[in-house]
Amino acid sequence: MSVKSTAARRTTRGGAKRRGGEPGLVQLLTPEGERVEHPEYSIDLTPEELRGLYRDMVLTRRFDGEAITLQRQGELGLWASLLGQEAAQIGSGRATRPDDYVFPTYREHGVAWTRDVDPLNLLGMFRGVNNGGWDPNQNNFHLYTIVIGSQTLHATGYAMGVAKDGADSAVIAYFGDGASSQGDVAEAFTFAAVYNAPVVFFCQNNQWAISEPTEKQSRVPIYQRAAGFGFPGVRVDGNDVLAVLAVTRAAMEHARSGQGPMLVEAFTYRMGAHTTTDDPTRYRADEEREEWASKDPIQRLRTYLEREGLADEAFYAEIDAESDALAKRVRDGVRNMPNPEPMAMFENAYADGHPLVDEERAQFAEYLASFEDVENASVPGKGH
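Just so it is clear, the structure is predicted and the values come from calculations on it, not from any experiment. (Residues numbered from 1 in each chain as written. Predicted model: local features only at pLDDT ≥ 70, side-chain atom pairs only at ≥ 80, totals over all residues. Heavy atoms only, no water.)

Asks: Please clarify how the packing of aromatic side chains should be interpreted in this entry.
Replies: Where two aromatic rings form a pair, the distance of their centres and the angle of their planes describe that pair. Evaluation of the coordinates by the stated rule reveals 26 aromatic pairs. A ring pair is formed by Tyr101 and Tyr158, whose centres lie 4.4 Å apart and whose planes are at 40°; its orientation type is tilted. Placement of Tyr101 in strand β4 (residues 101–103) and of Tyr158 in helix α6 (residues 150–165) is noted, with a sequence separation of 57 residues between them. Overall, Tyr158 belongs to the partly exposed group, its relative accessible area being 36%. With a centroid separation of 5.9 Å and an interplanar angle of 55°, the aromatic rings of Phe267 and Trp292 are classed as tilted. Of the two residues, Phe267 sits in strand β10 (residues 262–267) while Trp292 sits in helix α10 (residues 286–293), which places them 25 residues apart along the sequence. Like Trp292, Phe267 is buried. Following the ring pairs from residue to residue traces out a cluster consisting of Trp79, Phe126, Trp134, Phe141 and Tyr144. (Phe/Tyr/Trp six-rings, centres within 6.5 Å; stacked < 30°, edge-to-face > 60°. Helix = DSSP H or I, 4+ residues; strand = E, 2+ residues; numbered from the N terminus. Buried < 20%, exposed > 50% of the residue type's maximum accessible area, 1.4 Å probe, protein only.)

Asks: Even after reading the chapter, I still don't get unusual backbone geometry, so can you show me in this structure?
Replies: With glycine set apart, most residues show a phi of negative sign, and most peptide bonds adopt trans. Although it is not a glycine, Asp116 adopts a positive phi angle of roughly 65°. Along the polypeptide, Asp116 turns up in the loop between α3 (109–114) and α4 (119–127). Despite not being glycine, Asn348 shows a phi value in the positive range, around 65°.

Asks: Can you walk me through helix α7 (residues 183–194) in this structure?
Replies: Count 3.6 residues to each turn of an α-helix, and residues three or four apart come out pointing the same way. Spanning twelve residues, α7 covers 17 Å between terminal C-alpha atoms, matching the ideal 16 Å at 1.5 Å per step. For α7, every residue scored as buried is listed here: Val185, Ala188, Phe189 and Ala192. Down the axis of α7, the smallest arc covering the buried residues is 100°, so these residues share one side. On its buried face, α7 is in contact with α6, β5 (171–176), β6 (199–205), α8 (226–229) and β10. (Expected span 1.5 Å × (residues − 1). Arc of directions from axis to C-beta. Contact = heavy atoms within 4.5 Å.)

Asks: Which parts of the structure should I look at to understand the environment of Val117?
Replies: Looking at the secondary structure, you find Val117 in the loop between α3 and α4. Residues Val117 and Ala95 lie 22 residues apart in sequence; the distance between their C-alpha atoms is 16 Å. If we ignore the near neighbours within four places in the chain, the residues touching Val117 are Ala112, Leu122, Trp134, Asn139 and Phe141.

Asks: How should the side chain of Gln151 be read in this particular structure?
Replies: Within the secondary structure, Gln151 sits in helix α6. In contact with Gln151, not counting residues within four places along its chain, are Phe103, Pro104, Thr105, Thr145, Ala173, Tyr174 and Phe175.

Asks: Looking at this model, I keep getting lost on the domain arrangement of the protein. Mind explaining?
Replies: Parsing the protein into structural domains produces domain 1 (25–336) and domain 2 (344–372). Each of domain 1 and domain 2 has a C-alpha centre, and these two points are 39 Å apart. (Domains from an automatic or database assignment.)

Asks: What should I look at first to understand the UniProt feature "domain: Dehydrogenase E1 component" (unreviewed entry) in the protein in this one?
Replies: Residues annotated by UniProt as "domain: Dehydrogenase E1 component" (unreviewed entry) correspond here to residues 55–335. With 49% helix and 11% strand, residues 55–335 has its two end C-alpha atoms placed 26 Å apart. (UniProt positions renumbered as here; feature names shortened; annotations may be inferred.)

Asks: Quick question: what am I supposed to make of the sheet that holds β6 here?
Replies: Strand pairing in a sheet relies on backbone hydrogen bonds, with the paired strands running either antiparallel or parallel. The six strands lie next to each other as β2-β9-β10-β6-β5-β4, forming an open sheet whose pairing is parallel. Each having just a single partner strand, β2 (25–26) and β4 make up the two edges of the open sheet. Sheet analysis places β5 next to β6, joined by six bridges and oriented parallel. Counted as the bridge partner of Phe175 is Cys203 from β6. Along the sheet, α6 contacts β4, β5 and β6; its crossing angle with β5, the most-contacted strand, is approximately 170°. (Pairing = 2+ DSSP bridges. Axes fitted to C-alpha atoms, helices over the stretch in contact; angles between N-to-C directions.)

Set out below in structure tokens:
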């Protein structure tokens, strides 16, 4: 695999010179599945690597769909779907090295997949049986962050530490178009620029911050905002897994080579609801969704694979079978997750204990015991 870029030396990335697509948008695979070239970004993948990207996106979409169904069946409290954003997540995730560190939001299920985080760990959090369920340092993948935008500060601080340690690695922080309006993000940009931190800010612009469109978040394209902080920005077709991979690899290399931060805006679309508590039909038109459906990232890559003779029916049948097996493992795994011990919430709050926590633990234990007293009183021969 090879990636070439001259864009890292420019303040904003440009698009006027590329062939086809929207001005300013880096694209290597059109919605029709045709391979195109870009003057600043290129990538050369083997057939095996291309099939691997397709597999990643299909399997990620499948377990994401299973999670939505499980939530509707009452097995999960909530779920934030990534439907439509598979290329943005798989492409960027596969652009990282094992020693790079990833700071996600709460929707980066595809990135988690590329970092070998078990989907059941993600689902356990949304079922309420754990607080994340994985060791961030095992996969260099931080726990999900629910607070909007705060992970960009965490990533920047971590990247500043990486630079002080002299490590040959980079950090990537994910956030959405809505989070770009948060003060935490602006502060992260400032510190990253001033301290030349090796961090890539990866914005998945899926057009909607819950019910607010992007034009209410910024008067200019989000990637152009990097220029005001003094570092480069680039907009990439977020439904083109090849372009996302190429751009993110170049951005990560830019960061780890001591050239400072970089902003990548993946221009994509949230095909589903913001979360399973949301109804997008109340604020956006069906025609808009249908337009983006024609740009589907998985179908785009499949069309290319078939046109170039890089995958046959046996390959697709194998992926379908693997997808079904993953779905079953997810369903069975979620339904058989043990409930946590209620008193466990008081553990590990403080390293050496705390009087207030001890008091609260005793009060909660008494509260739980009251249910046992009621149960015993309702059974003849007990509680007397």
